[in-house]
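If you want the building blocks of each chain, they are given just below.
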Number of protein chains: 2
Amino acid sequence: MATMRDVAARAGVSAKTVSRVFNNDPHVLPETRSHVEQIMKELNYVPNVLATTFRSGRSSAIGVAVPDIVDPFFAAIARAVDTVARDRGVATLLTNLGDDPGRERDILESLLSRRLAGLIVAPVGVDHSWLKRWTDSTPMVFVDRAPAGLSADTFADNDEAGGYLATHHLIGHGHRRIAYVADTLRLSTETNRLAGYRRALTEAGIEPDDELVAAYVNDRESTEAAVTRLLGLPDRPTAIFSSNARSSMLVVHALPANELAVVGFGDFPMADILHPALTVIDQDPDQIGRFAANRVFERVDHPKRRLRRTTILDVTLIERESCKVARH
Amino acid sequence: MATMRDVAARAGVSAKTVSRVFNNDPHVLPETRSHVEQIMKELNYVPNVLATTFRSGRSSAIGVAVPDIVDPFFAAIARAVDTVARDRGVATLLTNLGDDPGRERDILESLLSRRLAGLIVAPVGVDHSWLKRWTDSTPMVFVDRAPAGLSADTFADNDEAGGYLATHHLIGHGHRRIAYVADTLRLSTETNRLAGYRRALTEAGIEPDDELVAAYVNDRESTEAAVTRLLGLPDRPTAIFSSNARSSMLVVHALPANELAVVGFGDFPMADILHPALTVIDQDPDQIGRFAANRVFERVDHPKRRLRRTTILDVTLIERESCKVARH
DNA sequence: TTGTACGCGTTATCAG
DNA sequence: CTGATAACGCGTACAA
């Protein structure tokens, strides 16, 4: 591993000159430059990014932290960020937070202590006030969910509107007994979707019924149990609003085909090939990722510029077939 | 951002003592230790990982580079690596390579120049000889595909056996005209699967027919075109072997339901919910990720230990319904 | 145009 | 057990 000094010694110049050549400083004689470049090639010189970052305090990488890389929604956000960052010659470092809120701080702090140029987080924790210490040294952007106990740039979907849209659409198809299926109800995204669901019902003169809300649907057993319970209800539902993609996949799997109408929150690969093809609320993770990445760079380039902190993105309904299943 | 010196000054000790406390060096008086710990808490001291890594040369992070994070196969590998690394208190930095072989080197070199403890790569490039320069400073493990022009630890699936298994299974269901659908034919994984396909045919006394091989199936149009061509053949196929998950999703989408029997290489979410549910060759990405991560740490802990370089993992056939579609 | 001195935050060495 | 000093590789400030 050749260092700058090695190159300098071999080229008969000072380390500083090598540095200048590498950073395209114009104040170098063309002949000196080409000579040094020659030696750099010979020695296969690669600058130690660590030393550069350490010295300058400015890193050329941004971090992305998401609850679960395997979730196509978060994967798509990450890829979009990577695309934007790469255009700028910036590397993207992705990390999995997992679903344990208690670990979030350790993981994020380990990322931050690498002195990244910026950080994009889809949080799982319940408190982010401890991040204040980092906010003036590292631009931070939250996606999917806003932070708790901290004011920061946020790009989130209009979950309430999405919940409303889905439910309203099912009501439009004549349904009045509509079940709500969720994973955890701890996160604000879920509670907002639930609120939208309730608003649509109330607006249509339907009394929300807590018996129709099934939470903690996150694996095959819990889904089977929830579906069985719902179908066994005396006044059983004719439709289901599944509030996240993972639950949607599970519900579609557990439900006898064409038994109930279904609308899911969050599109996923293959949703359009199912029988019946699943009607969904689309979140456009690609857009979220691009916005978040651009915001990070905007904060890097213009630290003082004043910008609206919170951006709520519209969601749209993609109508396919599952919403048209007839009421039994 | 308090530094070690700040803590040292406030605690009335030297920086080295703070360092010792932080690194649990036993040679510190308990009272000194608790006093320093107190101050560290007061000042919210977080060590600068960058400086530590820079100085010591030892990083506490490993890198993972995959062609596409959104592909559930690679995402699962990455998550498995992360799980193993976290148990060891090591952070995982994930990066997207994209499908441009030309960019691979830049991206990997940018990761390596951060002086990671190890690197796990699912390569997309055609030459990796340039990596030799890094191999003695950074343990490297390849997954999914072996490197080209470089000898390194590799955990790959038995692609040839998988291709054979799938084709043999279809032959067992009475098919003799079996099409082979692929994305690129550039990568060794694909050519090995193709070799297995040919071996199964030959072994059954069936002459491989190049007209039945459709390559470059990677988006909706190319898939439509390929399927139309295959179905229009005078002696048209009665079954398809799709050699990767992405092609499988596309083929299943483009094919009229129950028109041809299908077996796909690589399982994916929802494959079991399709109509008919897709029979697949399962690759167990979770196992690959765990193996790769453990190997990295083994190389870190025991640099001199001699280990078998290449590990070929068995694949299995998950029989569902799509292989049973009758011959028309 | 080029070079010298110094420091970023931490750890290794060696002395006390 | 504790501290002073040097060094990791590079960039900044200033001098030549």
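Residues numbered from 1 in each chain as written. Chains lettered and ligands numbered in written order. Predicted model: local features only at pLDDT ≥ 70, side-chain atom pairs only at ≥ 80, totals over all residues. Heavy atoms only, no water.

Visitor: Sorry if this is basic, but what is going on with the relation of the copies chain A and chain B here?
Guide: Relating the two copies of this chain is a rotation about some axis coupled with a shift parallel to it. Between chain A and chain B, which share one sequence, the superposing operator has a rotation angle of 180 degrees and an axial displacement of 0.1 Å; the RMSD is 0.2 Å. As the rotation angle and translation indicate, the two copies are arranged about a two-fold axis. Take the interface residues of chain A: 100% of them recur as interface residues in chain B, which is what a same-surface contact looks like. (Least-squares fit on C-alpha atoms with pLDDT ≥ 70 in both. Contact = heavy atoms within 4.5 Å.)

Visitor: What exactly am I supposed to notice about the interface of chain A and chain B here?
Guide: Listed as interface residues are 50 residues of chain A and, on the opposing side, 50 residues of chain B. At the boundary of chain A and chain B, one finds four salt bridges. In this structure, the connection of chain A to chain B is made through 13 residue pairs in polar contact (both at pLDDT 80 or more). For the side of chain A that touches chain B, the elements supplying multiple residues, two or more each, are helix 4 (49-56), helix 5 (72-87), strand 2 (91-96), helix 6 (101-112), helix 7 (132-135) and helix 11 (245-254) of chain A. (Salt bridge = Lys/Arg side-chain N within 4 Å of Asp/Glu carboxyl O. Polar contact = N/O pair within 3.5 Å; in protein donor to acceptor, adjacent residues only side chain to side chain. Helix = DSSP H or I, 4+ residues; strand = E, 2+ residues; numbered from the N terminus.)

Visitor: I would appreciate a short explanation of empty space enclosed by the protein in the present structure.
Guide: Sizing a probe to match a water molecule and rolling it over the atoms shows the empty space that remains. Considering all chains together, one arrives at three cavities of 30 Å³ or more under this definition. What the largest cavity holds in volume is close to 140 Å³. Lining of the largest cavity is provided by 15 residues; of these, L50 and R114 of chain A together with L50, L93 and R114 of chain B occupy positions nearest its centre. Listed by contribution, the elements that provide at least two residues to the lining of the largest cavity are helix 4 of chain A together with helix 4 (49-56) of chain B. For the lining of the largest cavity, the per-class residue count stands at eight nonpolar, four polar and three charged. (1 Å grid on protein atoms, 1.4 Å probe; cavity = no way out; pocket = protein on both sides within 12 Å on 5 of 7 lines; lining within 4 Å. Points joined across faces, edges and corners; volume = space filled by probe spheres on them. Nonpolar A, V, L, I, M, F, W, Y, C, P; charged D, E, K, R; others polar.)

Visitor: Can you help me understand the environment of R299 of chain B in this one?
Guide: Residue and element names in this part refer to chain B. Position of R299 among the secondary structure elements: in helix 12 (residues 285-301). For R299, a relative accessible area of 16% gives the class buried. The sequence separation of R299 and M140 amounts to 159 residues, and the corresponding C-alpha distance is 8.8 Å. What R299 contacts, discounting residues up to four positions off in sequence, is P139, D153, R305, L307 and R309. (Buried < 20%, exposed > 50% of the residue type's maximum accessible area, 1.4 Å probe, protein only.)

Visitor: For this particular structure, what's the right way to read the nonpolar core?
Guide: Within the largest apolar cluster, 92 residues are counted, with the highest numbers of intra-cluster contacts made by Y197 of chain A together with Y197 of chain B. Discounting residues that sit within four places of it in the chain, Y197 of chain A has contacts with G163, Y164, T167, I178, A179, Y180, L212, V213 and F241 of chain A. Within the second largest apolar cluster, 52 residues are counted, among which are L94, V141 and F155 of chain A together with F297 of chain B. (Core = buried A, V, L, I, M, F, W, Y, C linked by side-chain atoms within 4.5 Å.)

Visitor: Sorry if this is basic, but what is going on with the UniProt feature "domain: HTH lacI-type" (unreviewed entry) in chain A here?
Guide: The positions that UniProt labels "domain: HTH lacI-type" (unreviewed entry) are, in the present scheme, residues 2-56 of chain A. Summarising residues 2-56 of chain A: 67% helix, 0% strand, and an end-to-end C-alpha distance of 21 Å. (UniProt positions renumbered as here; feature names shortened; annotations may be inferred.)

Visitor: Would you take a moment to explain the sheet that holds strand 8 (residues 239-242) of chain A for this structure?
Guide: Picture the strands of a sheet paired through backbone hydrogen bonds; they go either parallel or antiparallel. Residue and element names in this part refer to chain A. Pairing in this open sheet of six strands is mixed, and the strands run 7-6-8-9-10-12 from one edge to the other. Of all the strands in the sheet, just strand 7 (213-214) and strand 12 (316-318) have a single pairing partner and so form its edges. As judged from the three bridges shared by strand 9 (residues 261-265) and strand 10 (residues 279-282), these two strands associate in the parallel manner. Looking across to strand 10, one finds that G264 is bridged to V280. (Pairing = 2+ DSSP bridges.)

Visitor: Even after reading the chapter, I still don't get the protein's contact with DNA strand C, so can you show me in this structure?
Guide: Around DNA strand C lies a shell of 25 residues, among which T17, R20, H27 and T32 of chain A together with M4 of chain B are the nearest. Near the protein, meaning within 4 Å, the atoms of DNA strand C are sugar or phosphate in a fraction of 54%, with bases accounting for the rest. The separation between a phosphate oxygen of DNA strand C and a polar side-chain atom of H27 of chain A is 2.7 Å. Here a phosphate oxygen of DNA strand C sits 2.9 Å away from a polar atom, N or O, in the side chain of S19 of chain B. Going through the elements one at a time, helix 2 (15-22) and helix 4 of chain A together with helix 1 (4-11), helix 2 (15-22) and helix 4 of chain B are the ones with two or more residues in the surface near DNA strand C. Of the residues contributing to the surface near DNA strand C, the split by class is nine nonpolar, nine polar and seven charged. (Near = heavy atom within 4 Å.)

Visitor: Would you take a moment to explain the packing of helix 8 (residues 159-172) of chain A against helix 9 (residues 188-203) of chain A for this structure?
Guide: Axes are the key here: two packed helices are described by the angle between their axes and the distance separating the axes. All names here are of chain A. Running from amino to carboxyl end, helix 8 crosses helix 9 at an angle of 40 degrees, the nearest separation of the two axes being 7 Å. Classed by the angle they form, the pair helix 8 and helix 9 counts as oblique. The two elements helix 8 and helix 9 meet at a crossing, and its hand is right-handed. Contact with helix 8, carried on its side by D159, E160, G163, Y164, T167, H168 and I171, involves T189, N192, R193, A195, G196, Y197, R199, A200, L201 and E203 of helix 9 and no other residues of that element. Of the residues that constitute the contact of helix 8 with helix 9, the class distribution is six nonpolar, six polar and five charged. (Axes fitted to C-alpha atoms, helices over the stretch in contact; angles between N-to-C directions. Parallel < 35°, antiparallel > 145°, perpendicular 65-115°, else oblique. Left-handed = near helix turned anticlockwise from the far one by under 90°.)

Visitor: Looking at this structure, how should I read the pattern of salt bridges?
Guide: Where charged atoms of side chains with opposite charge meet at close range, the side chains can pair. Enumeration over the complete set of coordinates arrives at 42 salt bridges over all chains. Of the charged contacts, one joins R86 of chain B and D82 of chain B as a salt bridge, the two residues approaching to 3.0 Å between their closest N and O atoms. With R86 of chain B and D82 of chain B both in helix 5 (residues 72-87), this residue pair falls four residues apart, about one helical turn. You'll find R86 of chain B and D82 of chain B in the same group, each marked buried. A network of salt bridges, in which partner residues are shared, links D153, R295, R299 and R309 of chain A.

Visitor: Can you walk me through the protein's contact with DNA strand D in this structure?
Guide: Around DNA strand D sit 26 residues, and of these M4 and K16 of chain A together with T17, R20 and R55 of chain B come closest. Among the atoms of DNA strand D lying within 4 Å of the protein, the sugar-phosphate backbone contributes 55%. Within the backbone of M4 of chain A, a nitrogen or oxygen atom sits 2.6 Å from a phosphate oxygen of DNA strand D. Here a base nitrogen of DNA strand D and a side-chain polar atom of R55 of chain B are 2.4 Å apart. By residue number, the principal contributor to the surface near DNA strand D is helix 4 of chain A, which donates four residues. Residue composition of the surface near DNA strand D, grouped by class: ten nonpolar, nine polar and seven charged.

Visitor: Would you mind going over the side chain of R295 of chain B with me for this structure?
Guide: All names here are of chain B. Among the secondary structure elements, R295 is positioned in helix 12. One polar contact links R295 to D153, side chain to side chain, over a distance of 2.9 Å. Dropping the residues within four chain positions of it, R295 is found in contact with V141, D153, F155, L307, R308, R309 and T311.

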